[in-house]
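Secondary and tertiary structure notes
If you want the building blocks of each chain, they are given just below.
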Amino acid sequence: MSAEASSLPSPQGRGTQGGRAMTPILSVRDLVVTFAIREGVVTAVNGVSFDVHRGEVLGLVGESGSGKSVTGLAILGLVDAPGRIEAGSIRLEGEELIGKPERELRRLRGKRLAMIFQDPMTTLNPVLRIDTQMIEAIRAHENVSEKAARDRARQALLKVGIPSPEERLTAYPHQFSGGMRQRVAIATALLHRPAVLVADEPTTALDVTIQAQILAEVQELAAESGTAMVWITHDLSVIAGLADRIAVMYAGRIVETGAVADVLERPIHPYTAGLIGSVPSRNKRGVPLAQIPGMTPSLAKVPPACPFNPRCPRASVTCRTIMPEPTPYDGARMARCHHPLIEQAPAAA
Amino acid sequence: MLVYLIRRIGQSLLVVAVMATLVFLAMYAVGDPVDILASPDADEFERRAIAQRLGLDRPLWEQFGIFVWNALHGDLGRSFVYNVPAVDVILQRLPATLELALAGLVFSILIGIPLGVLAGLKPNSLIGRSVMSGSILGFSLPNFWIGLMLILLFAVELRWLPAGGRGPTTSVLGLHFALFTWDGLKHLLLPALTLALYKSALVIRIAQAGTREVMLQDYIRFARAKGLSSRRIVLVHVLKNILIPVVTVLGLELGSMIAFAVVTETVFAYPGMGKLLIDSINRLDRPIIVAYLMLTVVIFVIINLIVDLLYAAIDPRVRLSEAKG
Ligand SMILES: Nc1ncnc2c1ncn2[C@@H]1O[C@H](COP(=O)(O)OP(=O)(O)OP(=O)(O)O)[C@@H](O)[C@H]1O
Ligand code: SF4
Ligand SMILES: [Mg+2]
């Protein structure tokens, strides 16, 4: 995907840079999700904005607790009490989803919007057969016969590389390995060729070989059906080979976005740099991994101003007093930092 | 699966054997039935004759041997009071109690599961809290008191239902059931409800806890992400999962339901095994008590077996792992 397909509205007007105007298939603006818990109201997602275009893969990365899953769930309207979407806008193909009645949301879920989850051992109902779980997904949206639905389920399994799908259809989840279960979940999620697939760390729980296979399969399937993906992970090496664009989250905010190659090669935000430094890589073998010092702040007491300041090697007084605002950079990039790692002046300065 | 079945049956037989020994010893310790059977002014000779006729004059181990031998042939002695085989007396009363226990079971499911699931889906709502408070009441109110209150309300005040007894019976396969007549059902309703109340409370609590737990699972989230209606999610995905604990507990409780029937049957003058037991204890009719206890043990064991098999039928994971073992 081209760099013109910027993920953030920039002052120059996104989409006009390359002379190619595209309406994003999914557009999230200023999303705020809060949880009312015993310690008070915590803001898990705090003004998140991004766009995803048709067929594009957006990698959503960040440490544990940064609000990635909540963002993904919000897209499908699956944030449950005590969580609440407080503000913002989520548009799917131009259609506003926030505030939509549950009935209409349900019609979009599974059909236009799909989601797969982290733990393949728990995403399938243990007491229902695979065919039951796939056929119900088809018939929830299309008035087709049991037999036709079954045929489609079988083909879907074949497509994700499950051998002898006819037999496997009558099996129960516990008869599958983790990788196979995740394949079933993926096949199920893509049954209706959705516009957007939110993938919440679907390969994290799998071993590396299986992970690579599944990544390749999903990529192929998504490309085939034109499905855009929001791929949530904390593993930058997964994102490198998969995503077109990347959005880095920290404490409920997106702190940097840009094309994957740009961000990984020349990070702007110190937090992104820290994440990259903590990824094991071949040429650094034997060298101890750089860890970002400190811990992700508890949402109940996020540090004032830049939330990363207690852990940031570049932090200054400004960082502790003034919240850095989203700033556009060349190449349709954005970062929020007072002391960016890139010398170049902000594009919109 | 076959190995598992054989092993389970073996365990069951062991339980029955141990219980038989305990029952026999307990009976021996309870008292001398000759005191009851002989007339107060009977002399030593008459008493000895009675003891001899009943085999009570032989040494303990010999009595036990005879007891076991006869029991293996389905003979648990003759009732001192009715002078017919004790097993026959019990079996004659068995359908009434089974009918009562099963009706109670059905009621507790019909009341317990919908309320429990509802409370589990909305644990913090008014209705959810009311159901849970109500279930505590169901636990703490004594069985006989509930029975009396129901009689007062529906039989004495409203006169809708009979206060006690068992309605007319029809014979099915040689056993007498009241289930198949309207009048019989009317007689069954109040005692079954009384019996079911405690179990309903239990089912409510299990179903509520189960529903709450299941609703948090990833597979429910995934089911919602597929766009399933909440109806389908609750009726298929949730229900099928909570059925596992409910069936387990209810199966085990069916046995205690038969035992609890003692109180309920007494309150409603319902001619089942429970009432027979109380009468027989009062009359020290030892063979009947022994037969009742043995039969109850056998019923318990059979129910447990059935529950295990049902469990395997509902939960595919059990099916596989047990088949291996
Ligand atoms: N059900 C909930 N109740 C209360 N707080 C919640 C709940 N779900 C999420 N949160 C809050 O939202 C924050 C972000 O959670 P989220 O699951 O989005 O993190 P994440 O980035 O997906 O992390 P991970 O990599 O561990 O999955 C959590 O730290 C927590 O404070
Ligand atoms: S604003 Fe300051 S503290 Fe925050 S990331 Fe940038 S340099 Fe570090
Ligand atoms: Mg997560």
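Residues numbered from 1 in each chain as written. Chains lettered and ligands numbered in written order. Predicted model: local features only at pLDDT ≥ 70, side-chain atom pairs only at ≥ 80, totals over all residues. Heavy atoms only, no water.

Thoughts on the site of ligand 1
Residue and element names in this part refer to chain A. Ligand 1 sits among 14 residues. The nearest are Ser64, Gly65, Lys68, Ser69 and Val70. For ligand 1, an oxygen atom lies 3.2 Å from a polar atom in the backbone of Ser66. The backbone of Val70 places a nitrogen or oxygen atom 2.9 Å from an oxygen atom of ligand 1. With the chains in place, 66% of the 630 Å² that ligand 1 exposes on its own is no longer accessible. Where the shell around ligand 1 is concerned, the elements lending two or more residues are strand E1 (26-37) and helix H1 (68-75). Top contributing element to the shell around ligand 1 by residue count: H1, with 3 residues. Looking at the shell around ligand 1 residue by residue, the classes come out as 6 nonpolar, 5 polar and 3 charged. (Near = heavy atom within 4 Å. Polar contact = N/O pair within 3.5 Å; in protein donor to acceptor, adjacent residues only side chain to side chain. Areas by Shrake-Rupley, 256 points an atom, 1.4 Å probe, with all protein chains shown as cover. Helix = DSSP H or I, 4+ residues; strand = E, 2+ residues; numbered from the N terminus. Nonpolar A, V, L, I, M, F, W, Y, C, P; charged D, E, K, R; others polar.)

Considerations on helix H8 (residues 182-215) of chain B
A rise of 1.5 Å per residue sets the reference length of H8(B), with its 34 residues, at 50 Å; its end C-alpha atoms lie only 41 Å apart and thus fall more than 12% short of the reference. Leu197(B) marks where H8(B) bends most, by close to 40°. (Expected span 1.5 Å × (residues − 1). Bend = angle between axes of the 7 residues up to and from the residue.)

What to know about the sheet that holds strand E2 (residues 40-52) of chain A
All names here are of chain A. Read across the open sheet, the 4 strands follow the order E2-E1-E4-E5; overall the sheet is antiparallel. Only two strands of the sheet have a single neighbouring strand rather than two, namely E2 and strand E5 (95-96). In the sheet, E1 pairs with E2 via 10 bridges, with the strands oriented antiparallel. Counted as the bridge partner of Val33 is Val45 from E2. Relative to the sheet, H1 contacts E1, E2 and strand E4 (83-92), its axis offset from that of E1 by approximately 115°. (Pairing = 2+ DSSP bridges. Contact = heavy atoms within 4.5 Å. Axes fitted to C-alpha atoms, helices over the stretch in contact; angles between N-to-C directions.)

Side note on the interface of chain B and chain A
With 22 residues of chain B in contact, the opposing surface of chain A contributes 29 residues. Regarding the contact of chain B and chain A, the summed buried area is about 2,400 Å², with carbon and sulfur atoms giving 60% of it. For the chain B face of the interface with chain A, the top three residues by lost area are Phe222(B), Arg224(B) and Lys226(B), together amounting to 29%. If you look at where chain B meets chain A, you find 3 salt bridges. Counting the contacts that link chain B with chain A gives 13 residue pairs in polar contact (both at pLDDT 80 or more). Put simply, the parts of the chain that give the side of chain B that touches chain A at least two residues each are helix H9 (218-225), helix H10 (230-267) and helix H13 (316-324) of chain B. Split by residue class, the side of chain B that touches chain A holds 9 nonpolar, 4 polar and 9 charged. (Buried area = accessible area lost by both parts, 1.4 Å probe. Salt bridge = Lys/Arg side-chain N within 4 Å of Asp/Glu carboxyl O.)

Remarks on the confidence of the model for chain A
Looking at chain A, pLDDT values average 84 and 88% of them are 70 or higher. Here residues 1-20 of chain A scores under 50 on pLDDT; set against residues more than four positions off or in separate chains, the count is 42 contacts. (pLDDT = per-residue confidence, 0-100.)

Some details on the pairing of strand E9 (residues 245-250) of chain A
Side-chain positions along a regular strand alternate between the two faces of the sheet. All names here are of chain A. Within E9, 6 of the 6 residues are buried, which leaves the element mostly enclosed by the surrounding structure. Here E9 shows no split at all, with Arg245, Ala247 and Met249 on one side and Ile246, Val248 and Tyr250 on the other all buried. Bridge analysis of strand E3 (residues 57-61) against E9 gives 4 bridges, and the strand direction is parallel. Of the residues in E9, the one forming a bridge with Gly59 is Ile246. Here E9 pairs with strand E10 (residues 253-259) via 6 bridges, running antiparallel. Paired with Arg245 across the strands is Ala259, a residue of E10. The turn joining E9 and E10, which pair antiparallel and follow one another in sequence, is formed by 2 residues; a positive phi near 45° is taken by Ala251. (Buried < 20%, exposed > 50% of the residue type's maximum accessible area, 1.4 Å probe, protein only.)

What about the nonpolar core?
Ranked by internal contacts, the top residues of the largest apolar core, which has 96 residues, are Leu26(A), Phe50(A), Met134(A), Val196(A), Val230(A) and Trp231(A). Phe24(B), Val117(B), Leu195(B) and Leu250(B) belong to the second-largest nonpolar core, a separate cluster that totals 62 residues. (Core = buried A, V, L, I, M, F, W, Y, C linked by side-chain atoms within 4.5 Å.)

A short note on the pairing of E10(A)
All names here are of chain A. The buried fraction of E10 amounts to 7 of the 7 residues, a majority that puts the element mostly inside the structure. Judged from the 2 bridges that link them, E10 and strand E12 (residues 333-335) form a sheet pairing that is antiparallel. Note that in E12 the partner of Glu256 across the bridge is Ala335.

Remarks on the environment of Ile66(B)
Residues and elements named next belong to chain B. Tracing the backbone through its elements, the reader meets Ile66 in helix H4 (residues 60-72). Since its relative accessible area comes to 32%, Ile66 is described here as partly exposed. Taking the C-alpha atoms as reference, Ile66 lies 9.9 Å from Leu76; in sequence the two are 10 residues apart.

Re a nonpolar patch on the surface
Taken together, the side chains of Phe144(B), Trp145(B), Leu148(B), Met149(B), Leu152(B), Val156(B) and Val263(B) define a hydrophobic patch exposed on the protein surface, amounting to about 590 Å² of accessible area. Of note, Leu148(B) is situated in helix H7 (residues 143-157). (Patch = residues over 30% accessible without salt bridge, like charges linked within 9 Å, V, L, I, M, F, W, Y side chains within 5 Å.)

Considering the environment of Val214(B)
Residues and elements named next belong to chain B. Secondary-structure assignment places Val214 in helix H8. Linking Val214 and Leu239, residues 25 residues apart in sequence, is a C-alpha distance of 9.3 Å. If near-sequence neighbours (up to four positions away) are discounted, Val214 is found in contact with Tyr219, Ile220, His237, Val238, Asn241 and Ile242.

Observations concerning H10(B)
Residue and element names in this part refer to chain B. Its 38 residues give H10 an end-to-end C-alpha distance of only 44 Å, which falls more than 12% under 56 Å, the value for a rise of 1.5 Å per residue. Maximum bend of H10: about 45°, positioned at Leu239. Positive backbone phi, at 45°, marks Ala269, one or two positions downstream of H10.

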